[in-house]
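Structure assessment
If you want the building blocks of each chain, they are given just below.
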Amino acid sequence: MKLPREIAGFDSASAMVVALARFLHGRDTPPLGKPALRVLRPAAMVAARLPLRTREWIYSVFSGAEGRPEPDIARIDIDAVAGSIAGLYPRRRYPAVVIGSSDGALIHLCAALGVPWLPQTLLLPVRQRGVPPDDPVLAAHAFDTTARAMLDRNPDLVLHHMHDPSQDRLTLRRMAYFRVKRIRLGRAYEKFLAEVLEPGGVILTAECGQRWPTSRIGERHLFQFGAVGGMSPQEYRDGGPRVAGYLHRYGAPVSKWQAPPADAESPEAEWGFEPALHDDLAAFADRHGYRLSRLVFDEPENLSPLIADLYRWWYRQRDLPGDRLLIDSFMLLDPWWTLRTGAVPYWTAFPVQPSLDAVHRYLDSGEQYDYLHLGLFCHGVDSVGIASADQWRELLRRARIAGVFAGVSPNRYPNDPQVFFSYQRGIRAIPHRHPIPKPLPLAAFEMFVRNAPSRYPRVQLHTT
């Protein structure tokens, strides 16, 4: 189970594909999606004891090492990449296939339904040197020639060059973020659907409506400054005390960022759904006699309360307590161990203040949990809007019996290199074991959503 080398493994879409594909093969999710990387755990333990600036340097080198040379990006064949991704899933008939936005709660839904997910968006990591994180104007045009060559070779793509000097500061020292979105299915995805969908099966689109200001660089080529996380697009562009304080902490030569002028709003680079794909899907479904349904939500975490409640209901249908909440974080998720331990999954995009507030709102909205298990993705940076370890400790106190961190050291967070190796150990420490259930019928999920429309006002399910 190997990802194509052209895409980043240290990313939401690729990590979620691997986690779901391994689940459908009856396996858990290894550290960073690769069983071979378990051998690096002792090195991560040593790195965790090093001074902070040394840990930041290691994070920058490790994450930035995925950057590919520009000629490799210019020559990429995205259909070959898509075929490799689809090839990770078991070849058998499925009642449905999900296509669209990356979303951790969606991956838990796919695991419950026992169906695969094909990402619309992929991250192509470009080797980057000599572009300071705090110079978005330089970054915007640093790869124009490479971008044009890649897009001319792949007419089914829109490129969102994303530059986030707050959360991705360490990685940007060595790697640029080319996020590409499909506007047509392409041969590889069409072949996969035709081979694995049951006759009359369902293609379910996952459509996140998150949008962000962008600057047009060229045809099908956009530049996005900033990203979903701890602050708004406006704060990225206008600056303020939080931005100035952050830049001062990292010794930046500026007190605010100067970004290229935004001339439009577009689907957010990592999470947003590009609606042009929908027309191509509709035509494909009509040709092959498939049903096309839509799962539409405004922001990445809107699905999280719905899927958590779905799992809790499903567990209780199976006479399991459903009293244990497992809070995932970005790419830290494991569908197999979630079901094996009878944990209710609640996915957070990042360990930032808006995500923390959303978990509190979820816990305020219904029956409390006896146990809370908290994973925290560590991007290595004290970024603007990150929630503190003390704030997360306060959340864990809401458990009626016990709340614990899952694999992350609150003393080293948000720069704890062990978390990528210890998160699964944190889940496996949950004492209970349950058999992996038969897949939940898609009709049961549809009924669950229809029966509680007022509880999830920012999620709509349109079925055919």
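Figured I'd write up the structure that's included with this text.

Rules of the game
- Residues numbered from 1 in each chain as written.
- Predicted model: local features only at pLDDT ≥ 70, side-chain atom pairs only at ≥ 80, totals over all residues.
- Heavy atoms only, no water.
- Helix = DSSP H or I, 4+ residues; strand = E, 2+ residues; numbered from the N terminus.
- Rg over C-alpha atoms; globule rule 2.2 N^0.38 Å.
- Buried < 20%, exposed > 50% of the residue type's maximum accessible area, 1.4 Å probe, protein only.
- Areas by Shrake-Rupley, 256 points an atom, 1.4 Å probe, with all protein chains shown as cover.
- Lys, Arg positive; Asp, Glu negative; His and termini not counted.
- Charge placed at Lys NZ, Arg CZ, Asp CG, Glu CD.
- Salt bridge = Lys/Arg side-chain N within 4 Å of Asp/Glu carboxyl O.
- Pairing = 2+ DSSP bridges.
- Axes fitted to C-alpha atoms, helices over the stretch in contact; angles between N-to-C directions.
- Contact = heavy atoms within 4.5 Å.
- Parallel < 35°, antiparallel > 145°, perpendicular 65-115°, else oblique.
- Left-handed = near helix turned anticlockwise from the far one by under 90°.
- Nonpolar A, V, L, I, M, F, W, Y, C, P; charged D, E, K, R; others polar.

Secondary structure assignment for the protein chain yields 19 helices and 15 strands. Taken over the C-alpha trace, the protein chain has a radius of gyration of 21 Å; the compact-globule value for 464 residues is 23 Å, and the two agree within 12%. Along the first, second and third principal axes, the C-alpha atoms of the protein chain reach 60 × 55 × 45 Å. Going through the 464 residues of the protein chain one by one, you find that 62% of them count as buried. Only carbon and sulfur atoms are counted for the fraction: they give 53% of the accessible area of the protein chain, which is about 17300 Å². When the 56 basic and 49 acidic side-chain charges of the protein chain are each reduced to a single mean position, those positions are 7 Å apart.

Here the focus is the pattern of salt bridges. Across all of its chains, the model carries 26 salt bridges by this definition. Between Glu235 and Arg242 there is a salt bridge; the shortest N-O distance is 2.7 Å. A salt bridge links Arg316 to Glu367, with the shortest nitrogen-to-oxygen separation between them at 3.0 Å. With Arg316 in helix H14 (residues 303–317) and Glu367 in the loop between helix H16 (353–364) and strand S13 (371–374), this pair connects stretches of sequence that are 51 residues apart. Here Arg316 falls in the partly exposed class, since its relative accessible area comes to 36%. With a relative accessible area of 44%, Glu367 lands in the partly exposed category. When salt bridges with common partners are traced through the structure, they connect Asp11, Arg179 and Glu270 into a single cluster.

This brings us to the sheet that holds S13. The strand order S12-S11-S13-S14 describes an open sheet built from four strands, whose pairing is parallel. The sheet is open, and its two borders are formed by strand S12 (344–348) and strand S14 (402–405), each paired with just one other strand. Neighbouring strand axes in the sheet, compared pairwise and without regard to direction, differ in orientation by 15° on average. Judged from the five bridges that link them, strand S11 (residues 324–329) and S12 form a sheet pairing that is parallel. Each residue of the ladder has a partner; that of Ile327, found in S12, is Tyr346.

Another aspect to go through is the sheet that holds strand S7 (residues 211–218). Within the open sheet, the six strands sit side by side as S3-S5-S4-S8-S7-S9. Their pairing is mixed. Of all the strands in the sheet, the pair left with one neighbour each is strand S3 (121–127) and strand S9 (264–267). Neighbour-to-neighbour, the strand axes of the sheet open up by a mean angle of 40°, direction not taken into account. Together, S3, strand S4 (157–163), strand S5 (175–182), S7 and strand S8 (221–225) form the strand contacts of helix H8 (residues 144–153), whose direction differs from that of S4 by roughly 155°.

With that out of the way, let us pick up the packing of helix H6 (residues 104–113) against H14. If you want to describe how two helices pack, look at the angle between their axes and the distance between the axes. Here H6 crosses H14 at 30°, and the two axes come no closer than 9 Å. Here H14 runs roughly parallel to H6, going by the angle between their axes. Here the hand of the crossing between H6 and H14 comes out left-handed. Contacts from Ala105, Leu106, His108, Leu109, Ala111 and Ala112 in H6 reach Leu303, Ser304, Ile307, Leu310, Tyr311 and Trp314 in H14. A breakdown of the residues in the contact of H6 with H14 according to their chemical character gives 10 nonpolar, two polar and no charged.

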